[in-house]
Each structure stands twice: as structure tokens, then as C-alpha cells.
Amino acid sequence: MIVEVRLYATLREHAPPESSAGVFSMTLPEDSDISTLLAMLAIEPAKVHLRMVNGVSAGLETVLKEYDRIGLFPPVGGG
């Protein structure tokens with residue numbers, strides 16, 4: 001299945017070189033969840049603070065569907 005992935009801030013370093021500002025399409029096996037996606041992108045789950053699927057907060061075990069839009073955000077610091 002094909003999904004759209006959006007990586008934000010420091011997570012963009014895991015995007016393929018041809019991606020546009022951390023946005024790219026990716027092919028996943030059927031019944032993949034967010035943890036599968038993170039493993040395929042070599043992103044440690046602890047480095048992702050917020051996971052969104054189609055604009056809704058999602059857990060690591062959320063099963064993805066064809067054409068889902070996944071947004072991954074790292075922890076944000078400031079001061």
C-alpha cells in the first residue's frame with residue numbers, strides 16, 4: 001500500500017534525498033502499523049513525540065491504510 005509521510009524538524013534527516021521538505025510517498029506491506037513505518041525509516045520510536053494519521057493523533061500500533069497521511073513530530077524544546 002502507498003502512504004504519504006511527512007517528517008518534521010530533526011526527523012527530516014530520515015527522509016529520502018528526493019523528498020520535498022520531508023514529504024514523500026512510501027510503499028508499505030498491507031496491515032503495517034506506525035511502528036513498522038518507523039522501523040523501515042530507521043527512526044527510534046522514542047525520538048517521535050507525536051504521531052498523526054490523517055490529522056488525528058495515533059499510537060505506535062495504529063494500523064495504516066492505503067493513502068493515509070502520516071505526520072511524525074520530534075519533541076520540541078525551547079526556552
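These lines cover the structure that appears in this document, whether it is placed above or below.

## Concerning the pairing of strand 5 (residues 69-73)
Okay, so step 1: Pairing of strand 1 (residues 2-7) with strand 5, which is carried by 4 bridges, proceeds in the parallel orientation. Bridge assignment links Val5 to a residue of strand 5, and that residue is Ile70.

## A closer look at the packing of aromatic side chains
Okay, so step 1: Tallying each qualifying case throughout the model produces 1 aromatic pair.
Okay, so step 2: With 4.2 Å between their ring centres and 5° between their planes, Tyr8 and Phe73 make a pair best called stacked. Of the two residues, Tyr8 is situated in the loop between strand 1 and strand 2 (23-27) and Phe73 in strand 5; the sequence distance between them amounts to 65 residues.

## Quick look at the pattern of salt bridges
Okay, so step 1: Applying the stated criterion across every chain, the model contains 1 salt bridge.
Okay, so step 2: For Glu4, the salt bridge identified is with Arg6, shortest N-O distance 2.8 Å.
Okay, so step 3: For Glu4, a relative accessible area of 23% puts it in the partly exposed group.

## Regarding the side chain of Arg51
Okay, so step 1: Mapped onto the secondary structure, Arg51 falls in strand 3 (residues 50-53).
Okay, so step 2: It is Glu61 that comes nearest to the buried, bridge-free Arg51 among opposite-charge side chains, at 6.9 Å.
Okay, so step 3: In this structure Arg51 touches Ile34, Val56, Ser57, Ala58, Gly59, Leu60, Gly71 and Leu72, once residues within four positions along its chain are discounted.

## Some words on the nonpolar core
Okay, so step 1: Leu7, Leu37 and Leu72 are the most contacted members of the largest nonpolar core, which totals 20 residues.
Okay, so step 2: Contributions of two or more residues to this core are made by strand 1, strand 2, helix 1 (34-40) and strand 5.

## Focus on the pairing of strand 2
Okay, so step 1: Judged by which residues are buried, strand 2 turns out to be one-sided: Phe24 and Met26 face inward and are buried, whereas Val23, Ser25 and Thr27, on the alternate face, are not.
Okay, so step 2: Of the pairings in the sheet, the one linking strand 1 to strand 2 comprises 5 bridges and is antiparallel in character. Looking at the pairing, Val3 lines up with Met26 of strand 2.

## Structural notes on the sheet that holds strand 5
Okay, so step 1: Sheet architecture is open: 5 strands sit in the order 2-1-5-3-4, paired in mixed fashion. Of all strands in the sheet, those with a lone pairing partner are strand 2 and strand 4 (56-57), marking the two edges.
Okay, so step 2: Taken together, the 2 bridges between strand 3 and strand 4 define a ladder with antiparallel strand orientation. Note that in strand 4 the partner of Val53 across the bridge is Val56.

The rules behind these values
- Residues numbered from 1 in each chain as written.
- Predicted model: local features only at pLDDT ≥ 70, side-chain atom pairs only at ≥ 80, totals over all residues.
- Heavy atoms only, no water.
- Pairing = 2+ DSSP bridges.
- Helix = DSSP H or I, 4+ residues; strand = E, 2+ residues; numbered from the N terminus.
- Phe/Tyr/Trp six-rings, centres within 6.5 Å; stacked < 30°, edge-to-face > 60°.
- Salt bridge = Lys/Arg side-chain N within 4 Å of Asp/Glu carboxyl O.
- Buried < 20%, exposed > 50% of the residue type's maximum accessible area, 1.4 Å probe, protein only.
- Lys, Arg positive; Asp, Glu negative; His and termini not counted.
- Contact = heavy atoms within 4.5 Å.
- Core = buried A, V, L, I, M, F, W, Y, C linked by side-chain atoms within 4.5 Å.

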